[in-house]
Amino acid sequence: MLARPDVGAAGSVLVGNQASYLLGAPIGEGGAAVVYAASLQHGATDEIYAVKIMKAEAAADPELRARFEREVRVLGKMNHAGVCTLLDLGTVDGVPFFVQERLRGETLLGRIRRVGAISVEPALDFLDRVLEILGAVHDAGIVHRDIKPSNLFCCDSGRVVLLDFGIALDAEQAGGSGARPRVEPGGESLFTEDD
């Protein structure tokens, strides 16, 4: 089992609630977490997943840990092609992680840096898809609060996915109206400690 879920943990095994995952190379890193490519440890398929693991120092910070749990709660409540599917979660040495589908492609920011400005027609089509995703997110009672090119993912298949729900709020907290489901940052933890 992984002793410390830090960068460089390729080859380690994480045990989630549903399966065990063999970590591959890091594919992304933020201030509080690292995302690794991963496969099922004893899988019958070659499917690759994305495993987001909090950095140990971030997991010790109650506010950062609450943000991480908020993201998991939001992903768990969404069922839309424009939001990554939450597949599993767990902890290792008290540090939480979650598993989601692995996306192939690049962020909108990466695409703009690679090819330059996007022409009007493709940009309008992209915007239509982003607005449809945001409509579904808002219908679920969630306000994302961090829409930017680095949080919009352009899949090789043409699918657009909204990323990073770490600072999302429910509509009531954000000043919305009506009875909406609540996404609470606190409450009972989704992550149980390791045996």
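Residues numbered from 1 in each chain as written. Predicted model: local features only at pLDDT ≥ 70, side-chain atom pairs only at ≥ 80, totals over all residues. Heavy atoms only, no water.

**Things to note about unusual backbone geometry**
At step 1: Positive phi values are uncommon outside glycine, yet Asp93 reaches one of about 50 degrees.
At step 2: In this structure, Asp93 sits in the loop between β5 (86–92) and β6 (95–101).
At step 3: The class of Asp93 is partly exposed, set by a relative accessible area of 41%. (Helix = DSSP H or I, 4+ residues; strand = E, 2+ residues; numbered from the N terminus. Buried < 20%, exposed > 50% of the residue type's maximum accessible area, 1.4 Å probe, protein only.)

**With respect to the layout of surface pockets**
At step 1: By volume, the largest pocket is sized at about 910 Å³.
At step 2: Lining the largest pocket we find 35 residues, and of these Gly30, Val35, Lys52, Leu163 and Asp164 sit closest to its centre.
At step 3: Of all the elements in the fold, those that place two or more residues in the lining of the largest pocket are β2 (20–29), β3 (33–40), β4 (48–54), α2 (62–77), β6 and β10 (160–162).
At step 4: No other element matches α2, which puts five residues into the lining of the largest pocket.
At step 5: For the lining of the largest pocket, a count of residues per class yields 18 nonpolar, eight polar and nine charged. (1 Å grid on protein atoms, 1.4 Å probe; cavity = no way out; pocket = protein on both sides within 12 Å on 5 of 7 lines; lining within 4 Å. Points joined across faces, edges and corners; volume = space filled by probe spheres on them. Nonpolar A, V, L, I, M, F, W, Y, C, P; charged D, E, K, R; others polar.)

**So, the sheet that holds β3**
At step 1: Strand order in the open sheet made by the six strands is β1-β2-β3-β4-β6-β5, with antiparallel pairing throughout. Edge positions in the open sheet fall to β1 (13–15) and β5, since each of these has one partner strand only. Neighbouring strand axes in the sheet, compared pairwise and without regard to direction, differ in orientation by 35 degrees on average.
At step 2: In this structure, β3 lies alongside β4, joined through seven bridges in antiparallel fashion. Within the sheet, the bridge partner assigned to Tyr36 lies in β4 and is Val51.
At step 3: Packed onto the sheet, α2 meets β3, β4, β5 and β6 and runs at close to 30 degrees relative to β6. (Pairing = 2+ DSSP bridges. Axes fitted to C-alpha atoms, helices over the stretch in contact; angles between N-to-C directions. Contact = heavy atoms within 4.5 Å.)

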